[in-house]
Number of protein chains: 2
Amino acid sequence: MNARERLVESARALLWERGYVGTSPKTIQQRADAGQGSMYHHFAGKEDLAEAAIRRTAGELRAAADALLSGPGTAIDRVTAYLRRERDVLRGCPIGRLTQDPDVMVTPALRAPLEETFGWLRARLAAVVREGVDRGELRPTLDPAATAAAIVATLQGGYVLARAAGTTEPFDQAVGGILALLGAHTVRPRPKEGH
Amino acid sequence: MNARERLVESARALLWERGYVGTSPKTIQQRADAGQGSMYHHFAGKEDLAEAAIRRTAGELRAAADALLSGPGTAIDRVTAYLRRERDVLRGCPIGRLTQDPDVMVTPALRAPLEETFGWLRARLAAVVREGVDRGELRPTLDPAATAAAIVATLQGGYVLARAAGTTEPFDQAVGGILALLGAHTVRPRPKEGH
DNA sequence: GTCTATATCACGATAGAC
DNA sequence: GTCTATCGTGATATAGAC
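Remember, it's a predicted structure, so these values are computed and weren't measured experimentally. (Residues numbered from 1 in each chain as written. Chains lettered and ligands numbered in written order. Predicted model: local features only at pLDDT ≥ 70, side-chain atom pairs only at ≥ 80, totals over all residues. Heavy atoms only, no water.)

A. Representation of the protein's contact with DNA strand C in the model. In the vicinity of DNA strand C, 14 residues are found, and the nearest of them are Gly37, Ser38 and His42 of chain A together with Pro25 and Gln36 of chain B. When the atoms of DNA strand C within 4 Å of the protein are grouped by moiety, sugar and phosphate amount to 62% of the total. A distance of 3.2 Å separates a phosphate oxygen of DNA strand C from a polar side-chain atom of serine 24 of chain B. In this structure, a base nitrogen belonging to DNA strand C sits 2.9 Å away from a side-chain N or O atom of glutamine 36 of chain B. Contributions of two or more residues to the surface near DNA strand C are made by α3 (36-42) of chain A together with α2 (25-32) and α3 (36-42) of chain B. Counting residues per element, the surface near DNA strand C draws most heavily on α3 of chain A, at four residues. Along the lines of polarity and charge, the residues of the surface near DNA strand C split into three nonpolar, nine polar and two charged. (Near = heavy atom within 4 Å. Polar contact = N/O pair within 3.5 Å; in protein donor to acceptor, adjacent residues only side chain to side chain. Helix = DSSP H or I, 4+ residues; strand = E, 2+ residues; numbered from the N terminus. Nonpolar A, V, L, I, M, F, W, Y, C, P; charged D, E, K, R; others polar.)

B. Quick look at the relation of the copies chain A and chain B. Note on the copies: chain A fits chain B at an RMSD of 0.0 Å, the axial shift is 0.0 Å, and the rotation between them is 180°. The superposition of one copy onto the other is thereby described by a two-fold rotation axis. With an isologous cut-off of 70% or more, the 100% of interface residues of chain A that recur at the interface of chain B puts this contact in the isologous class. (Least-squares fit on C-alpha atoms with pLDDT ≥ 70 in both. Contact = heavy atoms within 4.5 Å.)

C. Just the protein's contact with DNA strand D, in detail. Surveying the vicinity of DNA strand D reveals 14 residues, the closest of which are Pro25 and Gln36 of chain A together with Gly37, Ser38 and His42 of chain B. Take the atoms of DNA strand D that sit within 4 Å of the protein: sugar and phosphate atoms are 62% of them. A distance of 3.1 Å is found between a phosphate oxygen of DNA strand D and a backbone nitrogen or oxygen belonging to glycine 35 of chain B. The greatest single-element share of the surface near DNA strand D, amounting to four residues, is contributed by α3 of chain B. Counted by class, the surface near DNA strand D contains three nonpolar, nine polar and two charged residues.

D. Representation of the UniProt feature "DNA-binding region" (unreviewed entry) in chain A. UniProt marks residues 24-43 of chain A with the feature "DNA-binding region" (unreviewed entry), using the numbering shown here. In residues 24-43 of chain A, helix accounts for 75% and strand for 0%; the two terminal C-alpha atoms are 14 Å from one another. (UniProt positions renumbered as here; feature names shortened; annotations may be inferred.)

E. Spotlight on the packing of helix α4 (residues 46-69) of chain A against helix α7 (residues 108-134) of chain A. All names here are of chain A. One can describe the packing of α4 onto α7 by two numbers: an axis separation of 9 Å at closest approach and a directional angle of 5°. Taken together, the axes of α4 and α7 lie roughly parallel to each other. Together, Glu47, Ala50, Glu51, Ile54, Arg55, Ala58, Leu61, Arg62, Ala65, Asp66 and Leu69 of α4 and Ala109, Leu110, Ala112, Pro113, Leu114, Glu116, Thr117, Trp120, Leu121, Arg124, Leu125 and Val128 of α7 make up the contact between the two elements. Looking at the contact of α4 with α7 residue by residue, the class counts come to 15 nonpolar, one polar and seven charged. (Axes fitted to C-alpha atoms, helices over the stretch in contact; angles between N-to-C directions. Parallel < 35°, antiparallel > 145°, perpendicular 65-115°, else oblique.)

F. Examining the interface of chain A and chain B more closely. With 53 residues of chain A at the contact, the number on the chain B side is 53 residues. Regarding the contact of chain A and chain B, the summed buried area is about 4300 Å², with carbon and sulfur atoms giving 62% of it. Its largest share of buried area at the contact with chain B, chain A owes to Gln100, Arg163 and Leu181 of chain A, together 16% of the area lost on that side. Applying the counting criterion to the chain A and chain B interface returns two salt bridges. The partner of arginine 18 of chain B in a salt bridge is aspartate 103 of chain A, and the shortest N-O contact between them spans 3.4 Å. Applying the counting rule to chain A against chain B returns 13 residue pairs in polar contact (both at pLDDT 80 or more). Listing elements by their share of the side of chain A that touches chain B, those giving two or more residues are α1 (3-18), α6 (102-105), α7, α8 (144-165) and α9 (169-183) of chain A. Tallying contributions element by element places α8 of chain A first for the side of chain A that touches chain B, with 16 residues. Here the residues of the side of chain A that touches chain B are counted per class, giving 24 nonpolar, 16 polar and 13 charged. (Buried area = accessible area lost by both parts, 1.4 Å probe. Salt bridge = Lys/Arg side-chain N within 4 Å of Asp/Glu carboxyl O.)

G. Representation of the packing of helix α1 (residues 3-18) of chain B against α2 of chain B within the structure. Residue and element names in this part refer to chain B. Between α1 and α2, the least distance of the axes is 8 Å, while the angle of their chain directions is 125°. Taken as axis vectors, α1 and α2 run oblique relative to one another. Our pair here, α1 against α2, has a crossing hand that is right-handed. Across the interface between the two elements, Arg6, Leu7, Ser10, Ala11, Ala13, Leu14 and Glu17 of α1 pack against Thr27, Ile28, Gln29, Arg31 and Ala32 of α2. Here the contact of α1 with α2 is composed, by residue class, of six nonpolar, three polar and three charged. (Left-handed = near helix turned anticlockwise from the far one by under 90°.)

H. Expanded view of the pattern of salt bridges. All names here are of chain A. Summed over all chains, the structure comprises 28 salt bridges over all chains. Between arginine 78 and glutamate 131 there is a salt bridge, with its nearest N and O atoms 3.0 Å apart. Highlighted residues: arginine 78 in helix α5 (residues 75-84) and glutamate 131 in helix α7, separated in sequence by 53 residues. Overall, the relative accessible area of 3% leaves arginine 78 in the buried class. (Buried < 20%, exposed > 50% of the residue type's maximum accessible area, 1.4 Å probe, protein only.)

And the structure:
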């Protein structure tokens, strides 16, 4: 792995752990085992390196989500697979967390990937819900866009609750909660609804 | 308003806007129109002042939530009132955002109020859901804790999506989405379920 | 490409006068 | 209580040698 590559990976890890305001070029360099000269040769500065790091992370996140949401099974199966996939819950979402970073939000080049990523994700989930409705798996009263937003929000909020609690428990509860609510909107095999 | 008070209010605003790592004592002093000597007279340092600010914000948040959740109406009415109350959506949650701050998370005195606040909020919402079930307003299949976690998570995640999008739209969609899902779990007047 | 030296400024806090 | 002076450290970057 060359220096440029190491710098991007180092920046990705630190942006995830500490955000943009909380990360200094020096720290990035040390973790990458690269000198200052090296970093400023490959990148115009902190912002430029951060942009490369964020774009790569966003790309990976999108690919991982797409793989599960395009998988086999019913709409609910796929949403469940996506929500329940293995996650580093206590570390939070590497993209969602940047949404709270003041310097990221005022820098268009850094903010753009966040907007694109969540825009894409909400649209992708809405499409899955719409498919479910079209196939007769989900009730037609479900608003795909609103349902998709609620699902993504539960995920992002689940991270917040887990970090606040210091445990993954509230994350798992939130995911279980929304899936239970969604499950009742299933058309055919409404499992054990009490009555 | 005396200097001490101005410092706490200044810190509250800046912690909301920029987080703990993104806020310097100097900035707090300038906004409070107070000198360094003044700040270090009233507080032991940045951390001490931040703790006072966070605790006050957490207290207000809790009071506001309790007022709505203890109000009149059915369980769904109260949850709806809470979720739909006026909010500065694009500014995000002043407590939830601190969950992404690396220095807050490793400082017990600063982290504790977050844990307490969300712990209380989840329990309070779970109690409302439980009441709804007991009163026959909500289906007994609903798990109060899981449902409560999903509701709070939707709120916190809604902020994330709104900030990423630069619009309040996804927040409103997420809230509408979860309320629609929850509405179908209403016992009596199941409105227009299609079939 | 990578290194070291240097520059400028901000951070977070302390000291002691008033 | 509030002020100014000062301290040591780190942030972010540039310059120029190798």
